[in-house]
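Given next are the chains, with one letter for each unit.
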Amino acid sequence: QVQLVESGGGLVQAGGSLRLSCEASGLTGSYYAMAWFRRPPGKEREFVAAITWSGGSTDYADSVKGRFTISRDNTRNTVDLQMNALKPDDPGEYYCAADRTYTTARAIRSRNMDFWGKGTLVTVSS
C-alpha cells in the first residue's frame, strides 16, 4: 500500500518562509516522479512544482518561479518544497503527489498522478 504524508504547513506572515515535506511509503523498488499541487480557498487545484525521479530536473508554475524550490531525497523517500517570499495569494491546501513514470520535469504537470497525500494547510497573513 502506498501512502504519502505531508507536513510543515502552518501560519506565516507575507514575505516569510515555510518548508513543506512529504514522505512516501510503499514505492520502494520503483522510480517515480513527484510533484506539489495546491488548492487555494474557493478555487480549483493547481500545479505548483515537479521533480524527476533523479532530482536532476525541476518544473515550476510561473507564479512561484524564483520563490519556491522543490527537492527530493530518495534515500529517505521524501520530497520537500521550500517556500520563500510568501504572498497573500499563496495560501491553501498543499498536496504532494507521486507518479510511476520516468519522464521530463515539464511533462509531469500534465499527467494524472497515481498517488496523493491528504494535504497540509498553509495560511499567509498580511
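So, here's what we can say about the structure. This structure is a prediction, so every number in the text was calculated from the model and none was measured. (Residues numbered from 1 in each chain as written. Predicted model: local features only at pLDDT ≥ 70, side-chain atom pairs only at ≥ 80, totals over all residues. Heavy atoms only, no water.)

## Points about the environment of Gln-82
Structurally, the position occupied by Gln-82 is in strand 8 (residues 78-83). Sequence separation of Gln-82 and Val-2 is 80 residues, and the distance between their C-alpha atoms is 24 Å. Apart from the residues lying within four places of it in its own chain, the contact partners of Gln-82 are Ser-17, Leu-18, Arg-19, Arg-67, Phe-68 and Thr-69. (Helix = DSSP H or I, 4+ residues; strand = E, 2+ residues; numbered from the N terminus. Contact = heavy atoms within 4.5 Å.)

## Focus: the sheet that holds strand 8
Adjacent strands of a sheet pair through backbone hydrogen bonds, lying either parallel or antiparallel. One open sheet accounts for four strands, arranged 1-3-8-7; its pairing is antiparallel. Among the strands making up the open sheet, the edge pair consists of strand 1 (3-7) and strand 7 (68-73). Ignoring which end each strand starts from, the neighbouring axes of this sheet average 15° apart. (Pairing = 2+ DSSP bridges. Axes fitted to C-alpha atoms, helices over the stretch in contact; angles between N-to-C directions.)

## A word on the state of the cysteines
For the structure on display, the rule yields one disulfide. Bridging Cys-22 to Cys-96, the disulfide has an S-S length of 2.0 Å. Between Cys-22 and Cys-96, the disulfide has an S-S torsion of 45° and is therefore right-handed. Separated by 74 residues along the polypeptide, Cys-22 in strand 3 (residues 18-25) and Cys-96 in strand 9 (residues 92-99) bring together distant segments of the chain. An identical accessibility class is assigned to Cys-22 and Cys-96; each is buried. (Disulfide = S-S within 2.5 Å. Buried < 20%, exposed > 50% of the residue type's maximum accessible area, 1.4 Å probe, protein only.)

## A short note on the environment of Gly-15
In this fold, Gly-15 is placed in the loop between strand 2 (10-13) and strand 3. Remark: the alpha-carbon pair of Gly-15 and Met-83, spanning 68 residues in sequence, is separated by 9.9 Å. With sequence-adjacent residues up to four places away left out, Gly-15 is seen in contact with Ala-85 and Leu-86.

## A closer look at the side chain of Asp-90
Topologically, Asp-90 is positioned in the loop between strand 8 and strand 9. For Asp-90, a relative accessible area of 1% corresponds to the buried category. Separated by 3.0 Å, the side chains of Asp-90 and Arg-38 make a polar contact. Setting aside anything within four residues of it in sequence, one finds Asp-90 in contact with Arg-38, Arg-67, Phe-68, Ala-85 and Val-124. (Polar contact = N/O pair within 3.5 Å; in protein donor to acceptor, adjacent residues only side chain to side chain.)

## Structural notes on the packing of aromatic side chains
Applying the stated criterion to the full structure yields four aromatic pairs. On the numbers, 5.6 Å between centres and 70° between planes, the contact of Tyr-31 with Tyr-102 is edge-to-face. Residue Tyr-31 is located in the loop between strand 3 and strand 4 (33-39), and its partner Tyr-102 is located in the loop between strand 9 and helix 1 (105-108); the two are separated by 71 residues in the primary sequence. By relative accessible area, which is 62% here, Tyr-102 ends up exposed. Ring geometry for Phe-37 and Phe-47: centres 5.7 Å apart, planes at 75°, overall edge-to-face. With Phe-37 in strand 4 and Phe-47 in strand 5 (residues 46-51), this residue pair connects regions lying 10 residues apart in the sequence. Like Phe-37, the residue Phe-47 is buried in the burial classification. (Phe/Tyr/Trp six-rings, centres within 6.5 Å; stacked < 30°, edge-to-face > 60°.)

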